[in-house]
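Analysis of the macromolecular model
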Amino acid sequence: MILIKTYLITFISLLRIYLLTLKKRKNIIFYFPVKIYQKNLISLANSLSKKNGVFMIYNMSSTYEIKKLKNSLLIDFNLLKYIPFNRMFLSRINIFISSYLSYVYPPNSKNIYLSHDIYDAPMINYADEKSLFLRINKLDYIFVSSNLSKKYFFSKFKSYKISTNPKIINTGYLKLDHLIKNFKSKRKRFLSSNKLSILLSPGYFYAYKKYNMKSDIEKVIEKLVKINNITVIFRPHPLDLTKKGDKFFINKIYNKFKKFDNFTINKDVSYVKEFFNSNLMITDLSSIAYTYSFSTNKPVLFYSKNENKLSKKIFGNTNYFKDRGKIGKVINNTNNLIKNILFLKKNLNIFKRKINSLKKNKIENINKSEELTIKSIENILNI
């Protein structure tokens with residue numbers, strides 16, 4: 001019944017798009033396929049809607065975040081092939097934008113991937129990387145956060161001997177600018193100096209299983225919750241809260257530690273509050289480490305249980321790997337966990353200066369990303 005209902009809603013949405021695009025104007029689809037933080041993209045869409053027809057397309061995974069927005073429509077792209085004349089319904093879409101890769105695109109649109117990574121961390125398990133970049137190669141444009149990210153994409157296309165069909169443009173990092181703006185608006189609030197709030201934000205549990213912190217995460221939490229003046233905010237990766245992740249393990253952690261007053265879990269889409277209400281972050285391989293540090297000027301403790309092999313195999317030549325010591329510390333077990341946390345707390349101001357310096361050196365177009373992104377999109381529309 002749910003599938004039939006989704007099919008009917010998808011068909012009606014396509015019909016609505018077709019009728020609305022009959023007007024003589026440029027039309028843009030923003031596609032939101034997963035449940036993640038989207039406010040930076042929503043802001044961009046609102047700005048573009050002043051001159052263009054903008055449609056906010058969601059599916060069953062992202063319905064909560066997008067459903068109530070203006071011109072939001074549910075379309076299940078997996079069902080398009082079963083809908084007669086689906087290409088005709090989407091034939092007047094000029095641009096298709098998403099921060100996640102899609103398998104299906106409108107027939108005549110220029111397709112833009114807004115890279116949601118701030119650094120050059122690998123996007124996927126090595127075994128699946130080539131197929132990912134073959135998919136990326138079908139795009140028309142990639143908007144990246146920095147020249148660092150731009151070089152990463154070029155190097156991957158080259159290593160897999162893939163012709164670089166997409167045009168790669170450094171438009172700045174929308175998410176970073178959005179977060180910085182949020183923090184400036186809250187600058188009068190202060191964290192308690194007596195307590196230490198730690199944001200535990202691991203990467204996707206099914207990515208890099210030999211190197212991520214899943215097997216040790218319970219030991220980490222156990223060490224932290226036993227200290228009265230430490231508060232632990234556990235924020236799982238968004239994919240681990242879906243059928244693609246390990247929801248069972250997340251629930252296991254929650255049930256084990258919910259009895260502790262200094263332990264909370266955040267399953268919300270937004271992490272702005274948690275970024276602001278923490279003193280430092282613990283993560284493993286997630287690119288959120290640099291998003292966190294560059295938006296808050298706070299340090300990160302990297303938990304790398306297999307550091308020697310990691311340095312040789314996957315991250316060794318990346319700036320992500322090389323710059324970790326500039327925004328925090330790296331540990332490979334729980335033995336010195338508390339000692340390193342206290343070190344970071346003691347040296348917050350030193351790391352603030354280091355983080356600011358690294359941000360200025362590595363990330364261009366700070367506070368200009370929306371302006372540059374709109375300009376790039378308008379240039380594409382006028383081609």
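Refer to the structure above for everything that follows.
Just so it is clear, the model here is predicted, and its values are computed rather than measured.

Attention now moves to the overall build of the protein. Looking only at helices and strands, the protein features 17 helices and 13 strands. For 383 residues, the compact-globule estimate of 2.2 N^0.38 gives 21 Å, and the C-alpha radius of gyration of the protein, at 22 Å, lies within 12% of that figure. Along the first, second and third principal axes, the C-alpha atoms of the protein reach 65 × 45 × 45 Å. Burial statistics for the protein: of 383 residues in total, 54% are counted as buried. For the protein, long-range pairs separated by at least 24 residues make up 74% of all intrachain contacts whose partners lie at least 6 apart in sequence. Carbon and sulfur atoms provide 52% of the accessible area of the protein, an area that totals close to 19200 Å². Within the protein, one finds 70 positive and 23 negative side-chain charges whose respective centroids are separated by 3 Å.

Tallying each qualifying case throughout the model produces 24 aromatic pairs. Arranged with centres 5.2 Å apart and planes meeting at 85°, the rings of Phe-96 and Tyr-105 form a pair that is edge-to-face. A residue is classified by how much of its surface remains accessible, and Phe-96, at 1% relative accessible area, is buried. Residue Tyr-105 is classed as partly exposed on the basis of its relative accessible area, which comes to 21%. Consider the rings of Phe-257 and Phe-260, whose centres lie 6.2 Å apart with planes at 40°: the pair is tilted. A relative accessible area of 2% places Phe-257 in the buried class. Overall, the relative accessible area of 26% leaves Phe-260 in the partly exposed class. Clustering of aromatic rings is evident, with ring pairs tying together Tyr-119, Tyr-290, Phe-294, Phe-302 and Tyr-320. Its end group placed over the ring of Phe-321, Arg-324 keeps NZ or CZ at 4.1 Å from the ring centre. We note Lys-329 situated over the ring of Phe-343; from NZ or CZ to the ring centre the distance is 5.0 Å.

With that settled, the discussion passes to the pattern of salt bridges. Under the criterion given, the structure shown has ten salt bridges. As a salt-bridge pair, Glu-218 and Lys-256 come within 3.1 Å of each other at their nearest N and O atoms. In this pair, Glu-218 is assigned in helix α8 (residues 217-225) and Lys-256 in helix α9 (residues 247-257), connecting sequence segments 38 residues apart. With relative accessibility at 15%, the residue Glu-218 sits in the buried group. Note that Lys-256 is salt-bridged to Glu-222, the shortest N-O span being 2.8 Å. A residue pair is termed long-range when its members are at least 10 positions apart, and Lys-256 in helix α9 and Glu-222 in helix α8 qualify at 34 residues. Here the salt bridges share partners, and the residues they tie into one network are Glu-218, Glu-222, Lys-252 and Lys-256.

This part covers the nonpolar core. Within the largest apolar cluster, 65 residues are counted, with the highest numbers of intra-cluster contacts made by Ile-282, Tyr-290 and Phe-294. Leu-74, Ile-97, Leu-114 and Leu-381 belong to the second-largest nonpolar core, a separate cluster that totals 25 residues.

Quick notes on the rules
- Residues numbered from 1 in each chain as written.
- Predicted model: local features only at pLDDT ≥ 70, side-chain atom pairs only at ≥ 80, totals over all residues.
- Heavy atoms only, no water.
- Helix = DSSP H or I, 4+ residues; strand = E, 2+ residues; numbered from the N terminus.
- Rg over C-alpha atoms; globule rule 2.2 N^0.38 Å.
- Buried < 20%, exposed > 50% of the residue type's maximum accessible area, 1.4 Å probe, protein only.
- Contact = heavy atoms within 4.5 Å.
- Areas by Shrake-Rupley, 256 points an atom, 1.4 Å probe, with all protein chains shown as cover.
- Lys, Arg positive; Asp, Glu negative; His and termini not counted.
- Charge placed at Lys NZ, Arg CZ, Asp CG, Glu CD.
- Phe/Tyr/Trp six-rings, centres within 6.5 Å; stacked < 30°, edge-to-face > 60°.
- Lys NZ or Arg CZ within 6 Å of the ring centre and 35° of its normal.
- Salt bridge = Lys/Arg side-chain N within 4 Å of Asp/Glu carboxyl O.
- Core = buried A, V, L, I, M, F, W, Y, C linked by side-chain atoms within 4.5 Å.

Read these as layout, nothing more, since geometry by itself doesn't imply function.
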